[in-house]
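Fold and geometry: a report
The residues making up each chain are set out below.
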Amino acid sequence: MNYNKKTVTDIPVSGKKVLLRCDFNVPQDKETGAITDDKRIVASLPTIRYLLEQKAAVIACSHLGKPKGTYKPELSLAPVARRLSELLGQEVLFARDVVGEDARTKAAALQPGQILLLENLRFEPGEEKNDPEFARALASLAEVYVSDAFGTVHRAHASTAGVAAYLPAVSGFLIQKELEIMGGALADPKRPLVAILGGSKVSSKIGVIDHLLDIADTIVIGGGMAYTFLKARGGSIGTSLLEEDRLDYCREMMEKAGAKGVELLLPVDTLCAGTFSADAQPELVDAMAIPDDRMGMDIGPKTVEKFTAAVRGAGTVIWNGPMGVFEFPAFAGGTRAVAQALADCGAVTIVGGGDSAAAVEQMGFADRMTHISTGGGASLEFLEGKELPGVACLLDK
Ligand code: AMP
C-alpha cells in the first residue's frame, strides 16, 4: 500500500470547483435532531478554510447515518450546514438534493470563496453501491476532488473512491496526517515498534495481529481478548471472555511470534470479579489461575509494570483496544496506566480509533499523543495493511 499521496497543497485549486468529501456523520439528539458533538465538523475546518482562502468554490459532501438510499428528513444535513456556517463565520449554501436540479444549479452558480453543502450522500442508492453513473454525476459538479473523510476510506463508495475516476483526486489535511503518521509507522517505524492490542474480541483483531507479526518488534495483548490467548497457553480463565473457536489461532500466533523473534506479552495478573458489573469487588489473581467462578476484568499491577516497561523502551507505539472494562471505574486502572505510559514516553504514539481513542480522551491524555486516528473501522483496516479504496484512488506523489 502506497501512503505517499498528493495532498491539497500539491495541486492548483484557486478558482476551481472542488468536491470535498467530509465526515459530517455527527451524533444527534434523537428527539430534537440537535447536533450533540460537533468534533467532526470542527476537524474539517482546516481543509475547508485553506480551500476558501485559495479562492476555490467548495462543494462539500458527506453521509449521515444509514438512510439506505432513500430520503429520510431526520437524516438531512441541513443542521450541519447551519453549524458549519457558525464555525466558519460565513454563509454555507445548502442543496436539497445530492446530484439533482437544486445541487446542479447551486454548484454551477457557486463563486470562488463560497461553500455549498450537498444533501446526505446516502439518500442516493448509487452512493454505497459505488454506481459509476452516480459517481460521474457527482464528479460533474466539480473540477477537483479532495478526500478528507478518513472514517470512510475503507469503503469503496461513489463519493470515497468512485469519483476519483473522473477528477484529479488528492487528500485533505486530515487524511494527509493519517497517512503520514500511521502510514509512516507501518512502512518505516522508529524502532522498536510496540503494538498494544486490547478490546473484547480476538476475532475482530485477527487481521491486525497477522499484519503486526510481520512488522512489530513487540506485541502486547490485554483486554478481554487476552483470556483466549491465556487459555491457549494452558491457563485457567474462569468465566472470562473466551472465543473457543480461536484457541488454535492463538496457539499458531504464539508459535509464529516465537519463530519470527517477535516478543508477545500477555497478562501475568488480573483483576477479576464474580459479576460483570460496575460495583463488583475487584480481586487480584494470577492470570493463569483465575478461579472457576471469576472473570478477568482488567490487567493487574505486575502486568501494568510489564506492559508499561515495553512502552518506555519503544520508538513507536501503536495502541488499539482498552486493557480492561474501562467503562467501570474499578476496572479502568490498566487502561489508564497504559494511556499514562504512552503520554510520558518519548516515542511516536498512535492511538487507533474507537474505544482506545475514547478512553484516552476521557482520561485527559489526548493532547499528549502524537496522533489519535479518527476512523474506527478504517484504522483497523489500515493496521491490517489492507489496501484502502479511498486512499488507493488518490494521486501518487
Ligand atoms: P472492542 O470494541 O473489541 O475494541 O472492545 C472494547 C470493549 O472491550 C470495551 O467496551 C471494554 O469494556 C471491553 N473489554 C475490555 N476488557 C474486557 C474484559 N476483560 N472483559 C470484558 N470486556 C472487556
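Everything that follows concerns the structure shown earlier in this document.
Scope of this entry: the structure provided in the associated data block. In this text the structure is predicted, and so the values were computed from the model without any measurement. (Residues numbered from 1 in each chain as written. Predicted model: local features only at pLDDT ≥ 70, side-chain atom pairs only at ≥ 80, totals over all residues. Heavy atoms only, no water.)

1. Examining the pairing of strand β7 (residues 193–197)
To keep things clear, this is the line we draw: Categorising residues by exposure relies on relative accessible area from a 1.4 Å probe, with only protein chains included: less than 20% of the type maximum marks a residue as buried, more than 50% marks it as exposed, and the intermediate range marks it as partly exposed. Secondary structure elements follow DSSP: runs of H or I of four or more residues count as helices, runs of E of two or more count as strands, with numbering from the N terminus. DSSP bridges decide pairing: two strands pair if at least two such bridges lie between them.
Where burial is concerned, most of β7 is hidden: five out of the five residues are buried. The two faces of β7 match: Leu193, Ala195 and Leu197 on one face and Val194 and Ile196 on the other face are all buried. Alignment of β7 against strand β15 (residues 316–320), held across five bridges, turns out to be parallel. Across the sheet, residue leucine 193 finds its bridge partner in β15, namely threonine 316.

2. Describing the pattern of salt bridges
Worth spelling out the cut-off: Salt bridge, as applied in this entry: a Lys or Arg side-chain nitrogen positioned within 4 Å of an Asp or Glu carboxyl oxygen.
Scanning the entire structure with this criterion turns up 19 salt bridges. Among the salt bridges present, the one from aspartate 10 reaches lysine 397, with a minimum N-O distance of 3.7 Å. Taken together, the positions of aspartate 10 in the segment before β1 (17–21) and lysine 397 in the segment after α14 (389–392) put the pair 387 residues apart, joining distant regions of the chain. Looking at lysine 397, the relative accessible area reads 54%, which means it is exposed.

3. Thoughts on the sheet that holds strand β5 (residues 144–147)
To keep it simple, the criterion reads: Every angle, taken between N-to-C directions, lies between 0 and 180 degrees, and every axis is a line fitted to C-alpha atoms, over only the stretch in contact when it is a helix. The contact criterion used is simple: two residues touch if any of their non-hydrogen atoms lie within 4.5 Å.
Strand order in this open sheet of six strands is β3-β4-β2-β1-β5-β6, and the pairing throughout is parallel. A single partner strand is all that each edge strand has here, and the edge strands are β3 (92–94) and β6 (169–171). The mean angle between the axes of side-by-side strands here comes to 25°, regardless of whether they run parallel or antiparallel. Note that strand β2 (residues 57–61) and strand β4 (residues 115–117) share three bridges and pair parallel. Paired with isoleucine 59 across the two strands is leucine 116, which belongs to β4. Sitting on the sheet, helix α2 (residues 78–88) touches β3 and β4, and the angle it makes with β3 is about 165°.

4. A few points about the packing of aromatic side chains
Defined as follows: Aromatic pairs are defined between Phe, Tyr and Trp rings, using the six-membered ring for Trp, whenever the two ring centres lie within 6.5 Å; interplanar angles under 30 degrees are classed as stacked, those over 60 as edge-to-face, and all others as tilted.
In this structure the tally under the stated criterion is five aromatic pairs. Where tyrosine 3 meets phenylalanine 382, the ring centres are 5.0 Å apart and the plane angle is 15°; that geometry is what we call stacked. In this pair, tyrosine 3 is assigned in the segment before β1 and phenylalanine 382 in helix α13 (residues 376–383), connecting sequence segments 379 residues apart. Judged by centre distance (5.4 Å) and plane angle (75°), the rings of tyrosine 50 and phenylalanine 173 are edge-to-face. Separated by 123 residues along the polypeptide, tyrosine 50 in helix α1 (residues 39–53) and phenylalanine 173 in helix α6 (residues 173–187) bring together distant segments of the chain. The class for tyrosine 50 is buried, based on a relative accessible area of 18%. Residue phenylalanine 173 is classed as partly exposed on the basis of its relative accessible area of 26%. Through a chain of ring-to-ring contacts, the aromatic side chains of Tyr3, Phe150 and Phe382 assemble into a single cluster.

5. What to know about the site of the ligand
The condition is simple: Being near a molecule or strand, for a residue, comes down to having at least one heavy atom within 4 Å of it. Counting of polar contacts relies on pairs of N or O atoms within 3.5 Å, with two restrictions inside protein: one atom must be capable of donating a hydrogen and the other of accepting it, and residues adjacent in sequence are counted only when both atoms are side-chain atoms. Only the protein chains shown count as cover for residues, with accessible areas throughout obtained via the Shrake-Rupley method and a probe of 1.4 Å. In the cavity and pocket records, a cavity denotes points on a 1 Å grid over the protein atoms alone where a 1.4 Å probe fits but cannot get out, a pocket denotes an open set with protein on both sides within 12 Å along at least 5 of 7 lines, and lining residues are residues with an atom within 4 Å of a point. Cavity and pocket membership follows a simple rule, namely that a molecule belongs there if more than half of its atoms are within 2 Å of the grid points. Each residue gets one of three labels, nonpolar for Ala, Val, Leu, Ile, Met, Phe, Trp, Tyr, Cys and Pro, charged for Asp, Glu, Lys and Arg, and polar for the others, Gly among them.
What surrounds the ligand is a group of 16 residues, the closest being Ser200, Gly224, Gly296, Glu327 and Asp355. Taking serine 200, its main chain carries an N or O atom lying 3.0 Å from an oxygen atom of the ligand. A distance of 3.1 Å separates a nitrogen atom of the ligand from a polar backbone atom of glycine 224. Protein coverage of the free-state accessible area of the ligand, which is 500 Å², stands at 81%. In a pocket analysis with a 2 Å cut-off to the grid points, the ligand is assigned to the second largest pocket. Each residue belonging to the shell around the ligand can be placed in one class, and the counts come to six nonpolar, six polar and four charged.

6. A look at the packing of helix α7 (residues 206–215) against helix α9 (residues 247–260)
If you want to describe how two helices pack, look at the angle between their axes and the distance between the axes. Convention followed: Roughly parallel means an angle under 35 degrees; roughly antiparallel, over 145; roughly perpendicular, 65 to 115; everything else is oblique. Handedness of a crossing is defined here by the sense of rotation of the near helix relative to the far one, left-handed for an anticlockwise turn of less than a right angle and right-handed for a clockwise turn.
At a closest axis distance of 10 Å, the pairing of α7 and α9 adopts a crossing angle of 10°. The angle between the axes of α7 and α9 places the two elements in the roughly parallel class. Relative to α9, the crossing made by α7 is left-handed. Note on element contacts: α9 touches α7 through Tyr249, Met253, Lys256, Ala257 and Lys260, opposite Ile206, Ile209, Asp210, Leu213 and Asp214. Residue composition of the contact of α7 with α9, grouped by class: six nonpolar, no polar and four charged.

7. Here we look at α7
Of all 10 residues in α7, seven are buried; the element is thus mostly enclosed. Of all the residues in α7, the buried ones are Ile206, Val208, Ile209, His211, Leu212, Leu213 and Ile215. In the core, the buried residues of α7 are packed alongside α6, β7, β8 (218–221), α8 (226–232), α9 and α13.

8. What to know about unusual backbone geometry
Here arginine 191 and proline 192 are connected by a cis peptide whose omega angle stands at 0°. Tracing the sequence through the fold places proline 192 in the loop between α6 and β7. Look at lysine 55: it is not a glycine, yet its phi comes out positive at around 60°. One non-glycine residue, lysine 68, lies in positive phi territory at about 55°. Its place among the elements puts lysine 68 in the loop between β2 and α2. When its relative accessible area of 65% is taken as the criterion, lysine 68 is described as exposed.

9. Quick look at helix α10 (residues 301–312)
Heads up, the condition is: What a helix is expected to span follows from its residue count: subtract one and scale by 1.5 Å. Summarising the geometry, the arc corresponds to the directions from the helix axis toward the C-beta atoms.
Its 12 residues place the ends of α10 16 Å apart at the C-alpha level, agreeing with the 16 Å of an ideal helix rising 1.5 Å per residue. Taken together, the buried positions of α10 are Thr303, Val304, Phe307, Thr308, Ala310 and Val311. Buried residues in α10, looked at end-on, bunch into an arc of 150°, giving them a common side. Exposed residues pointing more than 90 degrees away from the buried face of α10 are listed as Pro301, Lys302 and Arg312.

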